[in-house]
Structures are given as structure tokens and as C-alpha cells.
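Summary of the model geometry
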Amino acid sequence: MSPQAAFRLVADDVAEAPPLEARAAAMSAQFGACDAGEILRYAIKDAFPGRIALVSSFGAESAALLHLVASVDPATPVIFLDTGEHFAQTLVYLRRLAR
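Residues numbered from 1 in each chain as written. Predicted model: local features only at pLDDT ≥ 70, side-chain atom pairs only at ≥ 80, totals over all residues. Heavy atoms only, no water.

**Description of the overall build of the protein**
Put simply, the test is: A run of DSSP states H or I qualifies as a helix once it reaches four residues; a run of E qualifies as a strand once it reaches two. Both are numbered from the N-terminal end. Burial classification: accessible surface area is computed with a 1.4 Å probe over protein chains only, and a residue below 20% of its type maximum counts as buried, one above 50% as exposed, and the rest as partly exposed. Residue contacts are defined here by distance: any two heavy atoms, one from each residue, within 4.5 Å place the two residues in contact.
The helix and strand inventory of the protein stands at 5 helices and 2 strands. When the helices and strands of the protein are listed from N to C terminus, the series reads α-α-α-β-α-β-α. With 99 residues in all, the protein has 24% of them scored as buried. Put simply, 54% of the contacts in the protein that link residues at least 6 apart link residues at least 24 apart.

Next comes the structure, spelled out in C-alpha cells:
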């Protein structure tokens, strides 16, 4: 199985999806030596163009992933669910990052 086929996590027909172990082995062979940016670039640009969004709590630790995704494709949607329970500082941080 090709690494590209292994990366297809959603199959049109679940019965036709390769076994999880086979997908994991193929992905490990392709991406084992890659850094996070290379993996994100492949996922966003090649495997799932226009079909990826980032979900973020906008906590301090989210900044690294937000930066990586934005460096690959700044148009990648970022989803934030305002639960009404966030600290005021988080909402200020969210607005600052959104600029």
C-alpha cells in the first residue's frame, strides 16, 4: 500500500479502508523522519487540500501549532468554540492572534 493511500483516513466505503496497522506502517515509513511542518504540509496541500481545519482552544500551547499551520497555508480555517467559560486573557489572546 502506498503512503498516500495509507493517509486516506476516511474512505468512501469503510469496508474498503485498509487495516489500521497497514496504514500506520505505511505512514511511519513515509513520515517517520519528517518534522511536524513537513507532515502538515503534506496533509494540508497534498492529501486533503481544502478539507482540513484546525481546532484550537487558543491556549498558550496552541500558538506553536497555529504558527505551523499558518506557515503552510494561512487560509486554513481555525475553529474556536466559545463555551463562555474561557478566561478573559484567552479571549484577548485569541483576538491578538486573529490579526
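**Considerations on the environment of Val 55**
Along the chain, Val 55 falls in strand β1 (residues 54–55). Val 55 gets classed as exposed once you look at its relative accessible area, which sits at 64%. Taking the C-alpha atoms as reference, Val 55 lies 5.8 Å from Val 78; in sequence the two are 23 residues apart.

**Structural notes on the nonpolar core**
Threshold: Residue types Ala, Val, Leu, Ile, Met, Phe, Trp, Tyr and Cys, when buried and joined through side-chain atoms within 4.5 Å, form a set referred to as a nonpolar core.
Among the nonpolar cores identified, the biggest contains 10 residues, and these are Leu 40, Ile 44, Leu 54, Phe 58, Leu 66, Val 69, Val 72, Leu 91, Tyr 93 and Leu 94. When residues of this core are traced back to their parent elements, those giving at least two are α3 (36–47), α4 (62–72) and α5 (88–98).

**Re the packing of aromatic side chains**
Quick reminder of the rule: We call Phe, Tyr and Trp rings a pair once their centres come within 6.5 Å, taking the six-membered ring for Trp, and we label the pair stacked below 30 degrees between planes, edge-to-face above 60, and tilted otherwise.
Counted according to the given criterion, the structure contains 1 aromatic pair. Aromatic side chains Phe 31 and Tyr 42 sit 5.1 Å apart centroid to centroid with 50 degrees between the ring planes, which places their arrangement in the tilted category. One end of the pair, Phe 31, is in helix α2 (residues 20–31); the other, Tyr 42, is in helix α3, with 11 residues separating them in the sequence.

**Overview of the packing of α3 against α4**
We apply this condition: In this analysis an axis means a line fitted to C-alpha atoms, helices contributing only their contacting stretch, and an angle means the value between N-to-C directions, from 0 to 180 degrees. Reported orientations rely on four angle classes, namely roughly parallel under 35 degrees, roughly antiparallel over 145, roughly perpendicular from 65 to 115, and oblique for the rest. Each crossing gets its handedness from the near helix: less than a right angle anticlockwise from the far helix is left-handed, clockwise is right-handed. Following the grouping adopted for this structure description, the nonpolar residues are Ala, Val, Leu, Ile, Met, Phe, Trp, Tyr, Cys and Pro, the charged ones are Asp, Glu, Lys and Arg, and the polar ones are all others, Gly among them.
It is at 9 Å that the axes of α3 and α4 come closest, and there the two elements cross at 55 degrees. Here α4 runs oblique to α3, going by the angle between their axes. Seen along the crossing, α3 lies across α4 with a hand that is right-handed. Contact residues: α3 offers Ala 36, Gly 37, Leu 40, Arg 41, Ile 44 and Lys 45, while α4 offers Leu 65, Leu 68, Val 69 and Val 72. For the contact of α3 with α4, the class distribution of residues is 7 nonpolar, 1 polar and 2 charged.

**Points about the side chain of Thr 76**
Looking at the element boundaries, Thr 76 is found in the loop between α4 and β2 (78–79). Overall, the relative accessible area of 9% leaves Thr 76 in the buried class. Residues contacting Thr 76, with those up to four places away along its chain left out, are Ile 44, Ile 52, Ala 53, Leu 54 and Val 69.

**Here we look at α2**
Rule in force here: Here the expected length of a helix is defined as 1.5 Å per residue gap, with one fewer gap than residues. Comment: arc refers to directions from the helix axis out to C-beta atoms.
The end-to-end C-alpha distance of α2 is 16 Å, a good match for the 16 Å that 12 residues give at a rise of 1.5 Å each. Every buried residue belonging to α2 is among Arg 23, Ala 26 and Phe 31, and all of these are buried. Down the axis of α2, the buried set is contained in an arc of 110 degrees. They therefore lie on one face. In α2, those exposed residues whose orientation departs by more than 90 degrees from the buried face are Glu 21 and Ala 29.

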